[in-house]
Amino acid sequence: MLSSIFSKSTIINARSISKDSKIYEAFKPYLFGILGLDLEEFMRNKELRLAYRQKFAIIKSKFQSDENNGKSLTDEDCFRRIFRYSQEWQEFVSTARENTLDAGESFIESVPLDSFILMNYNQKETLEQWLITAAIEKIRAHTQDKVNTSRTPKINMPIDNNNDLELAVPSRKM
């Protein structure tokens, strides 16, 4: 029925646009949250859409092989899984931003969302340990900064008026 109204290419385009918008939503924490791309920008960029279709296909294939039950994985099931992993990845990013010296930049650079999705349990455990170590380093750096600033002599503190001068320099009684 529809084929008599619309050409095959129009139907294929509509399906492609629909799938691309779902791919955008699945990868939105990275595409929008990190790269700052909204849906409209994503849809205008044909190369990026193609790249993310390929990422989706790789991830779907990995999910399929992990299940190893002979059952075909639907796109919708794959989108749900990616969304779940996206939320988990966002938690890692949030933790990295709060607890690393570089505000999570090295984490985001080294573990983009698609790489995170493909990680196995042991790799994610290693990643979690890396974040713990990075948080400890940040605490140590913060503590060291506090120690260094507390050793600064009070005489170096700025003096605003004469009253401050009397407080900053001990008086001598003769």
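All of these numbers come straight from a predicted model, not from anything done at the bench.

Participant: An account of the packing of aromatic side chains is requested, with residue identities and associated values reported.
Facilitator: Using the criterion set out here, one finds nine aromatic pairs in the structure. Ring geometry for Phe27 versus Tyr52: centroids 5.1 Å apart, planes at 70 degrees, classification edge-to-face. One end of the pair, Phe27, is in the loop between helix H2 (8-26) and helix H3 (28-31); the other, Tyr52, is in helix H5 (residues 46-67), with 25 residues separating them in the sequence. Since its relative accessible area comes to 1%, Phe27 is described here as buried. A relative accessible area of 4% places Tyr52 in the buried class. Among the aromatic residues, those joined into a ring-pair cluster are Tyr24, Phe27, Phe42 and Tyr52. Directly above the aromatic system of Tyr52 lies the positively charged group of Lys55, at a separation of 4.7 Å from the ring centroid. Here the basic side chain of Arg81 rests over the ring of Phe63, its NZ or CZ set 5.2 Å away from the ring centre.

Participant: Tell me about the pattern of salt bridges, residues and numbers included.
Facilitator: Enumeration according to the criterion identifies eleven salt bridges in this entry. When the shortest N-O distance is used, the salt bridge between Asp77 and Arg80 registers 2.5 Å. Of this pair, Asp77 and Arg80 are both found in helix H6 (residues 75-99), three residues apart, which corresponds to roughly one turn of the helix. Members of the salt-bridge network, linked through shared partners, are Lys19, Lys60 and Asp75.

Participant: Break down the packing of H5 against H6 for me, citing the residues and quoting the values.
Facilitator: A pair of packed helices can be characterised by two numbers: the angle between their axes and the separation between those axes. At a minimum axis distance of 10 Å, the contact between H5 and H6 shows a crossing angle of 95 degrees. In this view, H5 runs roughly perpendicular relative to H6, as classed from their interaxial angle. Between H5, through Phe56, Ile59, Lys60, Phe63 and Glu67, and H6, the contact on the second element is made entirely by Asp75, Cys78, Phe79, Arg81, Ile82 and Tyr85. Taken together, the residues that form the contact of H5 with H6 break down as seven nonpolar, no polar and four charged.

Participant: Any details on the environment of Phe83? Residues and values, ideally.
Facilitator: Position of Phe83 among the secondary structure elements: in helix H6. In sequence terms Phe83 and Ile23 are 60 residues apart; their C-alpha atoms lie 9.8 Å from each other.

Participant: Just give me the short version of H6, but keep the residues and values in it.
Facilitator: An α-helical turn contains 3.6 residues, so a residue and the one three or four places further along point in the same direction. Its 25 residues place the ends of H6 35 Å apart at the C-alpha level, agreeing with the 36 Å of an ideal helix rising 1.5 Å per residue. When we look at burial in H6, the residues that qualify are Cys78, Phe79, Ile82, Ser86, Trp89, Phe92, Val93 and Ala96.

Criteria and cut-off values
- Residues numbered from 1 in each chain as written.
- Predicted model: local features only at pLDDT ≥ 70, side-chain atom pairs only at ≥ 80, totals over all residues.
- Heavy atoms only, no water.
- Phe/Tyr/Trp six-rings, centres within 6.5 Å; stacked < 30°, edge-to-face > 60°.
- Helix = DSSP H or I, 4+ residues; strand = E, 2+ residues; numbered from the N terminus.
- Buried < 20%, exposed > 50% of the residue type's maximum accessible area, 1.4 Å probe, protein only.
- Lys NZ or Arg CZ within 6 Å of the ring centre and 35° of its normal.
- Salt bridge = Lys/Arg side-chain N within 4 Å of Asp/Glu carboxyl O.
- Axes fitted to C-alpha atoms, helices over the stretch in contact; angles between N-to-C directions.
- Parallel < 35°, antiparallel > 145°, perpendicular 65-115°, else oblique.
- Contact = heavy atoms within 4.5 Å.
- Nonpolar A, V, L, I, M, F, W, Y, C, P; charged D, E, K, R; others polar.
- Expected span 1.5 Å × (residues − 1).

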